[in-house]
Amino acid sequence: MRFALLAFLAFAAVAGAQSPAPSATLSPPPSHFEGVDARGDQGMGFSHHLTGHQFRILADGGAIEVAANDPKDAESRQAIRSHLASIAERFAAGDFSVPMFIHATSPPGMATMQRLKREISYHAEETPHGAQVRIKSQNPEAIEAIHQFLRFQIEEHRTGDAKEAGKAD
């Protein structure tokens, strides 16, 4: 009986190893997004239920915007502002540990953004209901990396934001 069980487990392991890689067009399972949301709440310090993200892809880089859903929610608004100020500083230093924790992977474009960190600026500013980090560069390779990073964020946070560059402000 043990031999049959071991043979079955060995066959299953080999079959799994030989399975074709999942198609890039397949959506991750719901449990993936549940993990992103739970780790996001922990890593960002505010609830994804009480706030909303937007990611803007712009000709010279892009922006990460977060706002409290309720204009009276001062606690979320302050947590957003604190988090995005920290993110601007961390990203400028090449530290992308927060998005790596939230998404449980290295986001596309991140390695290039780290390598070209001296050619990318990150500016956090308050908005009426939260804050934004404006990301800019003049380097085409850095801009492409920023766009890859932001497209990944759009998918992972399921925002439905445009994935093509708009006008820079």
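Everything discussed here concerns the structure shown above.
Let me sum up the structure you'll find in this document. (Residues numbered from 1 in each chain as written. Predicted model: local features only at pLDDT ≥ 70, side-chain atom pairs only at ≥ 80, totals over all residues. Heavy atoms only, no water.)

Turning our eyes to something else, we now look at the nonpolar core. With 29 residues, the main nonpolar core has Ile 64, Met 113 and Tyr 122 as its most contacted residues. For this core, the elements supplying multiple residues, two or more each, are β1 (51-58), β2 (61-68), α3 (74-92), α4 (97-103), α5 (110-115), β3 (120-127), β4 (130-137) and α6 (140-157). Examining the composition of this core, we find that six residues originate from one element, α6, more than from any other. Beyond its immediate sequence surroundings of up to four residues, Met 113 is in contact with Phe 96, Ile 120, Tyr 122, Ala 145, Ile 146 and Phe 149. (Core = buried A, V, L, I, M, F, W, Y, C linked by side-chain atoms within 4.5 Å. Buried < 20%, exposed > 50% of the residue type's maximum accessible area, 1.4 Å probe, protein only. Helix = DSSP H or I, 4+ residues; strand = E, 2+ residues; numbered from the N terminus. Contact = heavy atoms within 4.5 Å.)

Further remarks concern the pattern of salt bridges. One pass over the structure, following the stated rule, counts six salt bridges. Of the charged contacts, one joins Asp 60 and Arg 134 as a salt bridge, the two residues approaching to 2.7 Å between their closest N and O atoms. Linking Asp 60 in the loop between β1 and β2 with Arg 134 in strand β4, this pair joins segments that are 74 residues apart in sequence. For Glu 126, the salt bridge is made with Arg 81, and the minimal N-O distance between the two is 3.6 Å. Placement of Glu 126 in strand β3 and of Arg 81 in helix α3 is noted, with a sequence separation of 45 residues between them. (Salt bridge = Lys/Arg side-chain N within 4 Å of Asp/Glu carboxyl O.)

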